[in-house]
Amino acid sequence: MKYKSSKVITTIIVLSLLVFVVGFFFVTYQQVEQGSAKIESDSDFAKIKAESINKKNITLKVNRKTAYPAEGKYFMSSNMNLMIPSSVVEKNLNCACLKYKGDTVVVIKGNTKAILRIDSDKVKINGSDYTLKEKVRKKDGVVYIPSSLFENYLGFAYNWDNDTYTASLTDTALGNALPTRYNYAEEGRLPKVQDQGQEGTCWAYATLSAMESSLLPNEKYEFSRKHLVDYSATYNKNRNGGDYSFSLAYLTSWNGPVSDNANGYGKVKKHLQSAQILTPKDQEEMKRMVFKYGGVETSIYLQRAVSADGSPYYNSSAAAYAYEGDSHANHDVVVVGWDDNFPKENFPINVKRDGAFICLNSWGKSFGQDGLFYVSYDCVAFGEVSVCYTQIENLDNYDNLYQSDLFGWTATMGYKDRPNVYFANVYKAKKNEKIKAVGFYAAEENTDFEVFICEDFKGTNSLSNRGHASVTASFDNKGFYTLNLDKPYNVEKGKKFSIIVKAHNKKKSLKLVPVETKTKSMKKVILKDGEGYISADGMNWQSTEKEKCNVCLKAYTDKR
């Protein structure tokens, strides 16, 4: 009996141990399952939260300023990464954002270069491999970059405000936005070197080379210089000479650029929608434009003797140029890079500091270093007039263009001691359409604009009875700009509509209204292709055609 009792006790102990072990593993298993469920729940929660955010209008602020576009162009990924369009990166974040053919995207800030691929979360930072928290995406033809790239690798502090649906990126390294050296020839952004021969058409060559560089590296074009020159000759008396204003008239009227072919000229290839005229001799601004948008067409004093090394201002062995005389600019080139450490000893005259712009000339590859040469930061008569072509679009951007300034901005109008001025154009609709955007020149720096649309023009009272502003904008630089409206505005075939612009400048400038009018060099002006008005107070209007002027104010429409 004693033996049996011991056996029973032992059996009970063993069974108890088995129950304990099984129970332990069961509880542990449950905990693992619960933990897994929790992980899945967190992931689902983030996804649900992102979906909720994407139903709202998201705003991005960069260094406390609202980025353009202000809303509607961002989305939150399921990993709660704000996805930012590449165009917003380029315009707002002091970064170059280059899209190459295929799936490669390159973002550069200062001396940091990030190489990314669409549909991948891998990134190469200055040659080393890293992983992002979200993949680069392409959606409806737009490339989106995750905010984690800028937060983790490019020196930005990131914050999300769920109450206002506002993301903030604050640059913590503002002084390091530009690299110390940048060269289009090394970035795949250098257009084909051209040769203007003996003709005085450097302006046309510089314009179209600058445009070509703005499209590189993703799109490669070679536009017809001769077509631009021939178009200008239809209204300009002097064929052997010109400037950027001839180019802007040609490009903004959608008469070019075109390509050459065996039978003469090809078709228009692109539409220029914005071009900025830079502050004279602002070297940092010039660099920013080259870095972010494209080559800068600029003026320089350059003798033909330079090409044969017959100038005291040119060192052919280093392709280095620095001028110190009192002559005015007589030539146009394209700035395609810079080198802050280019030795001052390379220049044939004494300059105060190292550093040079890398410029593309139009004298063929035999000049300089395969068509490129270095211009000292201290060069006199360089950079007085500079233009960058900042917004170039495909031909399907709009169906129709209404305009009255085929030959461009040649003069300005305004009122004495008035900070505000109004100008308007009236057109007759060719079909049932919707107005999508407007385009005009900012005739002065640091000017604010409000745009109003009148869908059914009944006379000048229609210009005075304005509703809400369809779009507002502020431009630091002079130039031509296209603004998308807040919504489409319907117009009826055969009926008149009008575009009204209010311009404001604190300097009380006399020259806020850009107009086309006859000049000494211009052959003709067509005054029957629009109906322009100008006003000091927005209530009392006078006809610009009576002053033999057309208002430079365009409307872009789509069919409906």
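Residues numbered from 1 in each chain as written. Predicted model: local features only at pLDDT ≥ 70, side-chain atom pairs only at ≥ 80, totals over all residues. Heavy atoms only, no water.

Description of the pairing of strand β23 (residues 372-376)
Right, so step 1: Of all 5 residues that make up β23, 5 are buried, and the element is covered over most of its length.
Right, so step 2: Residues of β23 alternate between two faces, with L372, Y374 and S376 on one and F373 and V375 on the opposite face, all of them buried.
Right, so step 3: One ladder, built from 2 bridges, connects strand β20 (residues 320-321) with β23; its direction is parallel. Its bridge partner being in β23, A320 is matched across the sheet by Y374.
Right, so step 4: Two elements, strand β22 (residues 356-360) and β23, share 5 bridges in a ladder whose sense is antiparallel. Bridge pairing in β23 places C359 opposite F373. (Buried < 20%, exposed > 50% of the residue type's maximum accessible area, 1.4 Å probe, protein only. Helix = DSSP H or I, 4+ residues; strand = E, 2+ residues; numbered from the N terminus. Pairing = 2+ DSSP bridges.)

Considering the sheet that holds strand β36 (residues 549-551)
Right, so step 1: Reading across from one edge, β26-β33-β36 is the order of the 3 strands in this open sheet, with antiparallel pairing throughout. Only two strands of the sheet have a single partner each, and these edge strands are β26 (411-413) and β36. This sheet shows a mean twist of 45° between the axes of neighbouring strands, independent of strand direction.
Right, so step 2: Here strand β33 (residues 513-517) pairs with β36 via 3 bridges, running antiparallel. For E516, the partnering residue across the bridge sits in β36 and is N550. (Axes fitted to C-alpha atoms, helices over the stretch in contact; angles between N-to-C directions.)

Side note on the packing of aromatic side chains
Right, so step 1: What the rule picks out here adds up to 35 aromatic pairs.
Right, so step 2: Look at Y182 and Y184: their rings are 6.1 Å apart centre to centre, the planes differ by 85°, and that puts the pair in the edge-to-face class. Of the two residues examined, Y182 and Y184, each falls in the buried class.
Right, so step 3: Considering the side-chain rings of W254 and Y556, the 5.7 Å spacing of their centres and the 35° angle between planes classify their relative orientation as tilted. (Phe/Tyr/Trp six-rings, centres within 6.5 Å; stacked < 30°, edge-to-face > 60°.)

Some details on helix α6 (residues 225-233)
Structurally, the α-helix is built with 3.6 residues per turn, so residues lying three or four positions apart point the same way.
Right, so step 1: Looking only at α6, the buried set comprises R225, H227, L228, V229, Y231 and S232.
Right, so step 2: Put simply, S224 is the residue that caps the front of α6, since its side-chain oxygen is 3.1 Å from the backbone nitrogen of H227. (Polar contact = N/O pair within 3.5 Å; in protein donor to acceptor, adjacent residues only side chain to side chain.)

A short note on the side chain of T390
Right, so step 1: Relative to the elements of secondary structure, T390 occurs in strand β24 (residues 382-393).
Right, so step 2: In contact with T390, other than residues within four places in its own chain, are S274, A275, Q276, M289 and Y293. (Contact = heavy atoms within 4.5 Å.)

Considerations on the nonpolar core
Right, so step 1: Ranked by internal contacts, the top residues of the largest apolar core, which has 89 residues, are Y321, F373, F382 and Y389.
Right, so step 2: Top contributing element to this core by residue count: helix α5 (residues 202-215), with 7 residues.
Right, so step 3: If sequence neighbours within four positions are ignored, F382 has contacts with K281, M286, T298, S299, I300, V333, V335, F357, C359 and V375.
Right, so step 4: Grouped together as the second largest cluster of nonpolar side chains are 35 residues, I435, V471, L485 and A503 included. (Core = buried A, V, L, I, M, F, W, Y, C linked by side-chain atoms within 4.5 Å.)

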